[in-house]
Amino acid sequence: MAGWRKFSLRSPSFLQLLAKEFRELLASRAFWLLLLFVGFLVGHSFITAVGLYAEMSGNGNGPAALPQGLSSLDGILVPTWGAYDLAATLLFPFVAIRMVSSEKESGALKLLLQLPGTLSSKLAAKGLVLLFAWLVSWLPGIAAIVLWHSYGGHTYAPETVNLLLGHLLRGLLSGGLGVAAAGLADGAASAAIVTLAFTVGTWALDFVAAGRGGFVQQLASYTPTAALRSFEQGLLRFSVLAVMLLVSIAAFVLAGIWLNIGRTIKFRLVATLVLAVVTAGAVWIAANVRATRDQSENHRNSFSPVDEAALGGIKQPLKITILLSPEDPRLTDFEQNILRKLRRSLDKLEVEYAASSRTGLFDSEEHYGEIWYELGGQKTVERSTIEEVVLDQIYTLAGVSAPDRSGEEGFPGYPLAAQPKHAAAIFYLFWPLVVIVTWWLLRRL
Amino acid sequence: MLADVSFTVGAGEVLGLIGPNGAGKTTVLECLAGLLPINSGTFKYHGDPLSSRRRKEALFYVPDGILPWAQQTVKWLLTFFERLYSQAPEKLAGLAGPLRLDEISRSRVVNLSKGERKRVLLAVGLLTSQPLLLLDEPFDGLDLRQTREVMTLLRNESATGRTLFVSIHQLNDAAKVCDRLVLLNAGKRVAEGTLGELQAQANLKDGGLEEIFLALT
């Protein structure tokens, strides 16, 4: 069979396929619309965030204490890059869907499947080009960071890189979801419905699982929004990273199964089932990876070093029973300030959510609001959600003396009352102009 | 649904698949190309069974009525195939004349007429390098002059030793271009052979393909 050559990701054939996907991306209106709208979204978020940050920094004669502890991660980066969460939910999947659906609908898939290389290498080419598209869409976000620095703003590299990693994984997940939906559905419209249904489903899961504990809450911690949240808090959870990667890869494999039109429906259903089982197993293993890194500058995900050391010495399992309903703000406080850190510090921690109602407004239970701590056969109850109070209870139960926290230095904060100079011109005028002109020039190729 | 459809084709031969609408011509081609699932049956190449995965190394199928990569230009599409199959530039240049590709090379695929699209798809098929080329309705949409030019082009291609397997519903065209014919009706192979052999099977000594077809189906 003359003319048939070995195929690898570095082979000329793969590079040709990559070039084809790249041209298809440039011919896709969905891609250019993503670029256009993401500029407006980032611009609006950035200008609003800078204004609010300035007010909190004392520009608007606010309380003097407010500027202390101000972090540009919370004040600028997360709200500005929040635009990409919206883009990953509502815009980017359509770029991915178009890359597959257009070939299915036009019949080009029949040619593509016969070209040199495996179907997985063809999907890899699509994946790489989608990754490129997602990274190009980051240009306004990067411009926002550069602008913030030009105003004299501060960013902390590890937490910034961690946030970008979260958005990279979020994009991969959205791209994978779009490709999988397009592989499963007959047309682009059906694929869009599948994608949106999945997104709305994860939002519902997020809402339902809040404060419930157990498997449902654990599952909900891997929805795209929840997974991104940990990166936004400066926390690198390797379990989240691994789960997002696994699910993204599984989505591309699912697309591969359903794009293989030469196989029977029965074969594809069985392959899908096998993929689901293998992915579920791999995700379960990944979800049990406890390794985390607190990348935040203010160490918001960790107790103080002296408390971390003291907690590290506690080897017995700690059980916490919480009588607070999911919508009670005290539970949110407790989750954010205590539980998130305890989960990182203690090897054996069991949390039980024992409240019976959802809001707690009409809870007539006598013990509502109590938080029970059980360690080494001893039990104690406390209502406070203040870090020092809770830790002292745990130390008492464990028979450990509370460490001296007097020498600790707090996070100084980086207040900055700056005006978002040139931002409107860059995001609302210059960027759209660049996108439109580039589209116009490239469409003539 | 196809049943008991089996035939052989030799190197450098032009084998025609003829039959009425709905006979299963396209289905046969897509099953061979591994684009439709089959319940049973084997594809043998030089006497050895070839899995569906390796089948694309032996054959390339050009479907009818597709609009591949519609936003791209004809020039890009053809260059893509030329490079992918490492064809010498002379190959594409040799196709440009008979298929009148120069006049449409800057057009986008989506803007092509039915006949222009067919010429581009034929060029795509002829730029591939597999020893067996399957063409679905290669003359559909072409005018008389273009049909004759494409017939010559296909005969020249088969003269290089490449095997062509073409599905054709215009019986007069099939009789002109094919060495042998497979007659398909309602998913079954009705007859196979040269025009003379088919005339003998139908007891029509000087009968044309249309009479043979009517007699055998």
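Residues numbered from 1 in each chain as written. Chains lettered and ligands numbered in written order. Predicted model: local features only at pLDDT ≥ 70, side-chain atom pairs only at ≥ 80, totals over all residues.

Describing the overall build of chain A
(1) Moving on: In terms of helices and strands, chain A carries 17 helices and 6 strands.
(2) Moving on: Expressed along its principal axes, the backbone C-alpha trace of chain A runs to roughly 80 × 55 × 45 Å.
(3) Moving on: Pairs at least 24 apart in sequence give 77% of the contacts found in chain A among residues at least 6 apart. (Helix = DSSP H or I, 4+ residues; strand = E, 2+ residues; numbered from the N terminus. Contact = placed C-beta atoms within 7 Å.)

Considerations on the overall build of chain B
(1) Moving on: The number of helices and strands found in chain B is 9 helices and 8 strands.
(2) Moving on: Over its C-alpha trace chain B gives a radius of gyration of 17 Å, about what one expects of a compact globule, namely 17 Å for 217 residues.
(3) Moving on: Across its three principal directions, the C-alpha atoms of chain B cover 50 × 40 × 30 Å.
(4) Moving on: Residues classed as buried in chain B amount to 41% of the 217 residues present.
(5) Moving on: The contacts of chain B with a sequence gap of at least 6 include a subset with a gap of at least 24, amounting to 71%. (Rg over C-alpha atoms; globule rule 2.2 N^0.38 Å. Buried ≥ 20, exposed ≤ 12 C-beta atoms within 10 Å, placed from the backbone.)

Section: the sheet that holds strand E1 (residues 14-18) of chain B
Residue and element names in this part refer to chain B.
(1) Moving on: As summarised here, the arrangement of the 6 strands in space is E4-E5-E6-E1-E7-E8, forming an open sheet in which the pairing is mixed. The open sheet has two edge strands with one neighbour each: strand E4 (59-62) and strand E8 (188-193). This sheet shows a mean twist of 15° between the axes of neighbouring strands, independent of strand direction.
(2) Moving on: For E4 and strand E5 (residues 132-136), the ladder comprises 4 bridges, and the chain directions are parallel. Bridge pairing links Val62 to Leu135 in E5. (Pairing = 2+ DSSP bridges. Axes fitted to C-alpha atoms, helices over the stretch in contact; angles between N-to-C directions.)

Re the domain arrangement of chain A
(1) Moving on: Here chain A is partitioned into domain 1 (12-295 + 420-442) and domain 2 (314-398).
(2) Moving on: Averaged C-alpha coordinates put domain 1 of chain A and domain 2 of chain A at centres separated by 35 Å. (Domains from an automatic or database assignment.)

What about the environment of B:Phe139?
Residues and elements named next belong to chain B.
(1) Moving on: Assignment of secondary structure puts Phe139 in the loop between E5 and helix H6 (144-159).
(2) Moving on: For the pair Phe139 and Val166, spaced 27 residues apart in sequence, the C-alpha separation works out to 9.9 Å.
(3) Moving on: Here Phe139 is in contact with Thr147, Val150, Ile168, Gln170 and Asp173, once residues within four sequence places are set aside.

Thoughts on the interface of chain A and chain B
(1) Moving on: Contacts between the two partners involve 23 residues from chain A, matched on the other side by 28 residues from chain B.
(2) Moving on: Mapped by element, the contributors of at least two residues to the side of chain A that touches chain B are helix H1 (12-26) and helix H5 (108-112) of chain A.
(3) Moving on: With 5 residues, the single largest contributor to the side of chain A that touches chain B is H1(A).
(4) Moving on: Looking at side-chain class alone, the side of chain A that touches chain B contains 10 nonpolar, 8 polar and 5 charged residues. (Nonpolar A, V, L, I, M, F, W, Y, C, P; charged D, E, K, R; others polar.)

Examining the sheet that holds strand E5 (residues 371-375) of chain A
All names here are of chain A.
(1) Moving on: Read across the open sheet, the 4 strands follow the order E4-E3-E5-E6; overall the sheet is mixed. A single partner strand is all that each edge strand has here, and the edge strands are strand E4 (349-353) and strand E6 (378-382). Recorded for the sheet is a direction-independent mean angle of 15° between the axes of neighbouring strands.
(2) Moving on: Of the strand pairs in this sheet, strand E3 (residues 318-322) and E5 are connected by 5 bridges, and their pairing is antiparallel.

A closer look at the packing of helix H6 (residues 119-136) of chain A against helix H12 (residues 238-259) of chain A
All names here are of chain A.
(1) Moving on: In the contact formed by H6 and H12, the axes pass within 10 Å of each other and the chain directions differ by 130°. Between H6 and H12, the angle falls in the class oblique. In this structure, H6 crosses over H12, and the sense of that crossing is right-handed. Residues Leu119, Ser120, Leu123 and Gly127 of H6 form the contact with H12, whose own contacting residues are Phe252, Ala255, Gly256 and Leu259.
(2) Moving on: Grouping the amino acids of the contact of H6 with H12 by side-chain chemistry returns 5 nonpolar, 3 polar and no charged. (Parallel < 35°, antiparallel > 145°, perpendicular 65-115°, else oblique. Left-handed = near helix turned anticlockwise from the far one by under 90°.)

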